[in-house]
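Below are the chains, spelled out letter by letter.
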Amino acid sequence: MASTPDTTERYAGLSNEQLIEMYRQMVLIRIFEEKCQEMYTRAKIGGFLHLYVGQEAVAVGTIGALKPEDHIITHYRDHGHAIARGLDTNALMAELFGKATGSAAGLGGSMHLVDVSKNFWGGYAIIGSHLLMACGIGTALKLQKRPEVVMVFFGDGSTNGGEFYEAMNFSQLGKLPVIFVCENNLFAMGTPIAVHTSVQEIYRKACAFDMRSERVDGNDPIATYEATLRAVEYARSGQGPVLLEAVTYRFRGHSAQDTQKYRTREEVEQYRTRDPNQVFRKRLIDDGVMTEEQAVQIEQQAEVEAQGSVDFADQSPPADEKWLTEGVYANPIEPKF
Amino acid sequence: MASTPDTTERYAGLSNEQLIEMYRQMVLIRIFEEKCQEMYTRAKIGGFLHLYVGQEAVAVGTIGALKPEDHIITHYRDHGHAIARGLDTNALMAELFGKATGSAAGLGGSMHLVDVSKNFWGGYAIIGSHLLMACGIGTALKLQKRPEVVMVFFGDGSTNGGEFYEAMNFSQLGKLPVIFVCENNLFAMGTPIAVHTSVQEIYRKACAFDMRSERVDGNDPIATYEATLRAVEYARSGQGPVLLEAVTYRFRGHSAQDTQKYRTREEVEQYRTRDPNQVFRKRLIDDGVMTEEQAVQIEQQAEVEAQGSVDFADQSPPADEKWLTEGVYANPIEPKF
Amino acid sequence: MAVMTVREALRSELREQLKDDRVFIIGEDIGYYGSTYGVTAGFLEEYGTEKIRDAPIAEAGIIGIGIGAAMLGMRPICEIMSVNFSLLAFDQIINHAAKLHYMFGGQITCPMVLRTTNGWRNLSATHSQSFDPMFAYVPGLKVVAPATPADMKALFKASMEDPDPVIFIEHTLMYGVKGEIPDEPYEVKIGESRVAREGKDLTIVTYSRPVHLCMEVAERLSKQEGIECAIIDLRTIRPMDMSKALESFRTTGRAVVVTEEWESHGVQAEIAARLYEHAFDYLDAPIERVGFREIPFPYATNLEDQVVVTPARIEAAIRKVLA
Amino acid sequence: MAVMTVREALRSELREQLKDDRVFIIGEDIGYYGSTYGVTAGFLEEYGTEKIRDAPIAEAGIIGIGIGAAMLGMRPICEIMSVNFSLLAFDQIINHAAKLHYMFGGQITCPMVLRTTNGWRNLSATHSQSFDPMFAYVPGLKVVAPATPADMKALFKASMEDPDPVIFIEHTLMYGVKGEIPDEPYEVKIGESRVAREGKDLTIVTYSRPVHLCMEVAERLSKQEGIECAIIDLRTIRPMDMSKALESFRTTGRAVVVTEEWESHGVQAEIAARLYEHAFDYLDAPIERVGFREIPFPYATNLEDQVVVTPARIEAAIRKVLA
Ligand SMILES: Cc1ncc(C[n+]2csc(CCOP(=O)(O)OP(=O)(O)O)c2C)c(N)n1
Ligand SMILES: Cc1ncc(C[n+]2csc(CCOP(=O)(O)OP(=O)(O)O)c2C)c(N)n1
Ligand SMILES: [Mg+2]
Ligand SMILES: [Mg+2]
């Protein structure tokens, strides 16, 4: 959403409407994913399912600061980003169900949500790789003299592999319009951040590239939105890339299989008391931005939408068998015998 | 060489003998490589030949600060390091000639000099890879509770690929006894440093890992020696790795094929006026550490040794044909039909 | 004879190996997380962080560290969670682990074992691949892919005792497979195939998980129709022991090759080519190959079911060759 | 007809392509250095830094940037100086470039051309490899390896016009090879093989540099002994057009496969297997394969000469098959 005339200083110039829309997105992500979990348990969804629960404020705060023309590319924990970008939840759930109506025709599944018509270039499941593709998108934008930026999402654990650093160097050398958003949820799968990286304040890693960077409370959608606005302005004006670190926490396991031995139940409960969705809800109500009734209505609508997506997915036809012989190439050439 | 009682403050406590030995090594590297160039022109040496001419002070200054038990692993521009570590020049030249008496039996060539008996773990020709192996050596040293350190050499251009950063993180996380020595000669092959990296003071890249680092004038063997002593002490005492950047310049082309279009003849000539070997020679003589006669004698001896290595290589038998059927495995297993 | 799953067999051999001071395991999520497929679950608590080394997500680093440590006399076990991620370490594996011994004239050895997993099931295109033929192509590597709990245990031991780098390929869909493990000490050598089933009508050459699928089909055909398929489990794909396969093929004159990999340019091409070359005078019919359909893996079950190797496809190939 | 070297042919087609706004080249030392093998020498001065993009030594990055730019409609040419370094980009090539179109249900295309070189000569173990079979194995990639200046030019053009990722394999020892280039516009399609020489006695199936070695041997055998070898130049190894090879083989019943790669698990295994499979009724003798001896490349000339593919080894294989 674009920023409109100031309403409240505390809300970064966002109008009540915009704030409520942010809350709506956060709720929709949450409820959509609760459905996912349920559908996974009922074996409607297979493979790896990585939930975003607890991190909603990051997607909504960052993507909210982009224009629709701006580009997004993300990793396998991609439901939140897809919904915040406004992808059709029916197509998303259908994708998770492996149906023909899915956003990737049922070929990608949870880790590979996509909608190119919305400049959402997909979720990628190999740690780090898509950061370099983001640089490629940034290179194209620059060569094509386009005013857009590209935002790329990844986790704290994804800042130790070589591809992250290559991306930092390439983007800074080329002053590419790339916003790197690291969602630091304190774990890489089950490996605590102190075990996997020597500098735990991820934003500090930008120093090796003289890159602009900033750390923000990723559980606060407004702070995240403001930090992103600054980053986007910087990148869009041709000054180069920015590394944004949003500190957050994931409430669910890494994937649906996770037994979470690496952290205590107490730790998770502790964080749950600061649930970004609850905190934001209370804040908007306390500040008179939204009424309790509005909140409830939003929550009910989200439930309806999410359930609708399940029904849609359920009733959709299975993935098209044409994909057994088509689609590997845009320009197929048969081998000849 | 180990440090002995102070002679001169200006010389980092090195004795005249030690200083003269350093000069001897620098001269031997230089003259050995001039022979290499000649032998390459005469097609006695093939493949890629990367000369070290101009960078001698780095190898001699850094390796001089190690104990013989300490470990070295390096890249393809490895003649200087091998000679500074005291590898037999006969075996080195024979290797370049592809002879059975070569340090790697003629299998490795210029890029893969080696002598495990001297804890010289070889030259590697894929940029960046051996930095990770150095971390492996460091890991083994730590697990085996050994007091040694490992030193790894590479160029400025080798600090942009992912493996460099992975090595930085692994070594810092594990507080491994690794000394990373970056020889910054301002070019990666023919690509100027400003084109290939966003932070040109390579030592600053350590900030992303909270790693200790230092920049030193790599054309000054004494300054290099002192900085290395500090680094080695730090690493040996278990405090962790160090990134040492030695700024230097290569007088010859990247390899024997290089037309050097990327820099002017004037630039090279300019640097040649500050030839580390000449500067060190003059300094030792001016300070009364060495006489002109001693210098000339050293130079003559180096010429004799280098020529001797050529003669040795020339007269040596060609690589053993047993290597056509042996050596791929330490424990060979024949495929069965 | 104890009955164990593949997972248990591996765990028991890993424990044996960890007694050796030179052995440590390095990999992602092997410790705190408790191991993706449960093979090293509980090991961190038991052996501590020196021996069970949780690594950052940096596959090249994991292998590079293994190589360097191996050079200095350690016996590292490097775990790459999924073979799909091993592509990030291909430089370390192929340019270095495979080369050290030869390139330095025998001065350096690299006794490293790289454990990794093949596997699939609704994981889509980047998480379902097999790179067996890529590893098998490289001189300097040994590549082992056992099918039974007993072979897993014994070949893991053999891999650890071998001074060369070994790629040890497990399979995510096989950890629960059960089998008997001899009580007495027993040995399986790297580079020795096995007759998993005798048979006079047709020779199936396979390894890893498809061995079980082939057994199922062969048993059924035997019971129902008296067709007797020999099954040769190669166990190691570099070096490859073709002697038992050839011996059987020279009798049957008919063969089906079954492997989990795309059907062109795979290990199956090499197997087929060698069968033709070395049993040229015994050919009764063209050899059939069964592998993955040559497309990236789709997520949807209805499609994936038609990409993978199934008993039905194996049976169809057998019938075609016997026709 | 103009006579050009492979280098000149490539340079002329690169110039054609660079006229397109969507085209840029990214790679190491392609600009300031003047290009390792001279293909892009002088281009930086002519086209500037936007189109001729000198990259840091970061192969994954070079390909990742190519992929991302291609997704947005550019037509990037990514240069990996030596295929040996491509291992560092295998994740980008195999997990991404090859997957995008399929994995996202056809929404994304990746029209990227990856130029790289095979080659050897005293370069030792890590600088002399061929990974042709690894690329050929991967659905989603197209893999082209022409042998003549005319094919280089035409197939490079075809690769650039193709919407899919193409691995375009050159050869360091072939840049100076000369050949005729038609004056009129001409076209060579990806996936079409070529009869480089007719012959009734034996079929040689090959591609890239060995084509020339085979021609030399075939001409000699023809002149001296009247033995007529057909030579099929595959030109593309994924998808592979076996039609001409099979047509010839069905006549001759005898074949030799000659490729520059290690002799097991290579493209030659696939070629041989397909010849056997699809011409089963025409086999007169086992097919011989000539490739690199299965060891890492030694530096020393006396050894390397015995590792590589030579006219003498090709001739010996021909004689064996004809015997
Ligand atoms: C190259 C690679 N290695 C390993 C994995 C397996 N894996 C998937 S997610 C993950 C943890 C990632 O952690 P982080 O980057 O912090 O993201 P988060 O899951 O916390 O959002 C791992 C190890 C992978 N997908 N790709
Ligand atoms: C992975 C990889 N990419 C490319 C090359 C080719 N190459 C060899 S040396 C070199 C330049 C290295 O520059 P730098 O690290 O500064 O070392 P220097 O040669 O200056 O000592 C390049 C690009 C290589 N050997 N390995
Ligand atoms: Mg995380
Ligand atoms: Mg340099």
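Small disclaimer: the values here were computed from a predicted structure and weren't measured.

1. With respect to the overall build of chain A
Point 1. When helices and strands are tallied, chain A shows eleven helices and eight strands.
Point 2. Each principal axis of the C-alpha atoms in chain A carries an extent, and together these give about 70 × 50 × 45 Å.
Point 3. Buried residues in chain A amount to 64% of all 337 residues.
Point 4. Residue pairs at least 24 apart in sequence account for 72% of intrachain contacts in chain A once pairs closer than 6 positions are excluded.
Point 5. As presented, chain A carries roughly 11300 Å² of accessible surface, and 49% of it is formed by carbon and sulfur atoms.

2. Some details on the environment of Gly54(B)
Residue and element names in this part refer to chain B.
Point 1. Within the fold, Gly54 resides in the loop between α1 (16-41) and α2 (56-63).
Point 2. Given a relative accessible area of 1%, Gly54 falls into the buried group.
Point 3. When the C-alpha atoms of Gly54 and Thr228 are compared, they prove to be 19 Å apart, with 174 residues separating the residues in sequence.
Point 4. The contacts of Gly54, once residues within four sequence positions are left out, are Arg30, Asn219, Thr248, Tyr249, Phe251 and Pro276.

3. With respect to the coordination of the magnesium ion (ligand 4)
Residues and elements named next belong to chain B.
Point 1. For the magnesium ion (ligand 4), the full set of protein donor atoms is Asp156 (OD), Asn185 (OD1) and Phe187 (O), at a range of 2.0 to 2.1 Å.
Point 2. We note that the donor set of the magnesium ion (ligand 4) lies within a single chain, spaced as D-x28-N-x1-F. Taken as a pair, Asp156 in the loop between β3 (150-155) and α6 (162-173) and Phe187 in strand β5 (residues 187-188) lie far apart in primary sequence, 31 residues in all.
Point 3. For Asp156, a relative accessible area of 0% corresponds to the buried category.

4. Here we look at the site of ligand 1
Point 1. Ligand 1 sits among 23 residues. The nearest are Tyr76(A), Arg77(A), Gly157(A), Ser158(A) and Glu59(C).
Point 2. In this structure ligand 1 sits where residues from chains A and C come together.
Point 3. Within the side chain of Asn185(A), a nitrogen or oxygen atom sits 2.8 Å from an oxygen atom of ligand 1.
Point 4. Between ligand 1 and Phe187(A) there is a distance of 3.1 Å, counted from an oxygen atom to a backbone nitrogen or oxygen.
Point 5. In isolation ligand 1 offers 580 Å² of accessible surface; the protein chains occlude 98% of this area.

5. A closer look at the relation of the copies chain C and chain D
The relation between the two copies of this chain is a rotation about an axis and a shift parallel to it.
Point 1. Between the two copies, chain C and chain D, the superposition gives an RMSD of 0.0 Å; the rotation angle is 180 degrees and the shift along the axis is 0.0 Å. The transformation relating the two chain copies, once decomposed into turn and shift, fits a two-fold axis.
Point 2. Of the residues that chain C buries at the interface, 100% are likewise interface residues in chain D, meaning the two copies contact each other through the same surface.

6. Observations concerning the packing of aromatic side chains
Point 1. Counted under the stated rule, the structure contains 43 aromatic pairs over all chains.
Point 2. Relative to Tyr249(B), the ring of Phe187(B) has its centre 6.5 Å away and its plane inclined at 75 degrees; by these criteria the two rings are edge-to-face. Taken together, the residues Phe187(B) in strand β5 and Tyr249(B) in the loop between β8 (242-247) and α9 (265-272) connect sequence positions 62 residues apart. Accessibility classification places Phe187(B) together with Tyr249(B) in one group, the buried group.
Point 3. Ring geometry for Phe292(D) against Phe297(D): centres 4.8 Å apart, planes inclined by 85 degrees, an arrangement best described as edge-to-face. By the burial criterion, Phe292(D) is buried, and Phe297(D) matches it.

7. A closer look at the sheet that holds strand β3 (residues 150-155) of chain A
All names here are of chain A.
Point 1. Taken together, six strands build an open sheet; the order of strands is β2-β1-β3-β4-β8-β7 and the sheet is parallel. Two strands lie at the open edges of the sheet, namely β2 (120-124) and β7 (212-217), each paired on one side alone. In this sheet, neighbouring strand axes are inclined to one another by 15 degrees on average, regardless of whether the strands run parallel or antiparallel.
Point 2. By the bridge criterion, six bridges tie strand β4 (residues 178-184) to strand β8 (residues 242-247) in an arrangement that is parallel.

8. Some points on the interface of chain C and chain D
Point 1. In this assembly, 52 residues from chain C lie in contact with 52 residues from chain D.
Point 2. Summed over both partners, the interface of chain C with chain D buries about 4500 Å², with 65% contributed by carbon and sulfur atoms.
Point 3. Considering only the side of chain C, the residues that lose the most area to chain D are Tyr102(C), Tyr137(C) and His265(C), jointly responsible for 20% of the buried surface there.
Point 4. At the boundary of chain C and chain D, one finds six salt bridges.
Point 5. Between Arg289(C) and Glu277(D) there is a salt bridge whose closest N-O contact spans 2.7 Å.
Point 6. Our enumeration of links across chain C and chain D arrives at 20 residue pairs in polar contact (both at pLDDT 80 or more).
Point 7. Going through the elements one at a time, α4 (90-97), α5 (100-103), α6 (132-136), β12 (236-238), β13 (255-262) and α10 (267-278) of chain C are the ones with two or more residues in the side of chain C that touches chain D.
Point 8. The leading source of residues in the side of chain C that touches chain D is α10(C), at eight residues.
Point 9. Residues belonging to the side of chain C that touches chain D are distributed by class as follows: 32 nonpolar, nine polar and eleven charged.

9. Comments concerning the interface of chain B and chain C
Point 1. At the interface, 46 residues of chain B touch 54 residues of chain C.
Point 2. At the boundary of chain B with chain C, total buried surface from both sides reaches about 4000 Å², with 67% on carbon and sulfur atoms.
Point 3. When the buried area of chain B at its contact with chain C is split by residue, Tyr329(B), Lys336(B) and Phe337(B) rank highest and sum to 18% of it.
Point 4. Counting the contacts that link chain B with chain C gives two salt bridges.
Point 5. Lys336(B) is the partner of Asp241(C) in a salt bridge, and the nearest nitrogen-oxygen pair spans 3.9 Å.
Point 6. Where chain B touches chain C, the interface holds 22 residue pairs in polar contact (both at pLDDT 80 or more).
Point 7. For the side of chain B that touches chain C, the secondary structure elements donating two or more residues are β1 (71-75), β2 (120-124), α5 (129-143) and α6 of chain B.
Point 8. No other element matches the ten residues that α5(B) contributes to the side of chain B that touches chain C.
Point 9. Looking at side-chain class alone, the side of chain B that touches chain C contains 26 nonpolar, 13 polar and seven charged residues.

10. Overview of the pattern of salt bridges
Residues and elements named next belong to chain A.
Point 1. For the structure shown, the criterion picks out 93 salt bridges over all chains.
Point 2. Note that Arg24 and Glu21 form a salt bridge whose closest N and O atoms lie 2.9 Å from each other. Taken together, the positions of Arg24 and Glu21, both in helix α1 (residues 16-41) and three residues apart, correspond to about one turn of that helix.
Point 3. Judged by relative accessible area, Arg24 falls into the partly exposed class, the value being 29%.
Point 4. A salt bridge links Glu38 to Arg42, with the nearest nitrogen and oxygen atoms 3.6 Å apart.
Point 5. For Glu38, a relative accessible area of 37% translates into the label partly exposed.
Point 6. Residue classification places Arg42 among the partly exposed positions, given a relative accessible area of 48%.

11. Things to note about the coordination of the magnesium ion (ligand 3)
Point 1. Every protein donor of the magnesium ion (ligand 3) is listed here as Asp156(A) (OD), Asn185(A) (OD1) and Phe187(A) (O), and their distances to the metal cover 2.0 to 2.1 Å.
Point 2. Donor residues for the magnesium ion (ligand 3), ordered by position in the chain, follow D-x28-N-x1-F.

12. With respect to the domain arrangement of chain C
Residue and element names in this part refer to chain C.
Point 1. Annotation of chain C at the domain level lists domain 1 (2-181) and domain 2 (194-322).
Point 2. For domain 1 versus domain 2, the distance between C-alpha centres works out to 26 Å.
Point 3. When domain 1 packs against domain 2, close to 2400 Å² is buried across both sides, 56% of that on carbon and sulfur atoms.
Point 4. Counting across the interface, domain 1 meets domain 2 through four salt bridges.
Point 5. Put simply, Arg121 and Glu304 hold a salt bridge, and the shortest N to O gap is 3.0 Å.
Point 6. The tally of links between domain 1 and domain 2 comes to 19 residue pairs in polar contact (both at pLDDT 80 or more).
Point 7. For the side of domain 1 that touches domain 2, the secondary structure elements donating two or more residues are α6, β6 (142-144) and α7 (149-161).
Point 8. When residues in the side of domain 1 that touches domain 2 are grouped by element, the largest group, four residues, is from α6.
Point 9. Along the lines of polarity and charge, the residues of the side of domain 1 that touches domain 2 split into 19 nonpolar, seven polar and four charged.

Cut-off values and rules
- Residues numbered from 1 in each chain as written.
- Chains lettered and ligands numbered in written order.
- Predicted model: local features only at pLDDT ≥ 70, side-chain atom pairs only at ≥ 80, totals over all residues.
- Heavy atoms only, no water.
- Helix = DSSP H or I, 4+ residues; strand = E, 2+ residues; numbered from the N terminus.
- Buried < 20%, exposed > 50% of the residue type's maximum accessible area, 1.4 Å probe, protein only.
- Contact = heavy atoms within 4.5 Å.
- Areas by Shrake-Rupley, 256 points an atom, 1.4 Å probe, with all protein chains shown as cover.
- Donors = N, O, S within 2.8 Å, 3.2 Å for Na, K, Ca; no water.
- Near = heavy atom within 4 Å.
- Polar contact = N/O pair within 3.5 Å; in protein donor to acceptor, adjacent residues only side chain to side chain.
- Least-squares fit on C-alpha atoms with pLDDT ≥ 70 in both.
- Phe/Tyr/Trp six-rings, centres within 6.5 Å; stacked < 30°, edge-to-face > 60°.
- Pairing = 2+ DSSP bridges.
- Axes fitted to C-alpha atoms, helices over the stretch in contact; angles between N-to-C directions.
- Buried area = accessible area lost by both parts, 1.4 Å probe.
- Salt bridge = Lys/Arg side-chain N within 4 Å of Asp/Glu carboxyl O.
- Nonpolar A, V, L, I, M, F, W, Y, C, P; charged D, E, K, R; others polar.
- Domains from an automatic or database assignment.

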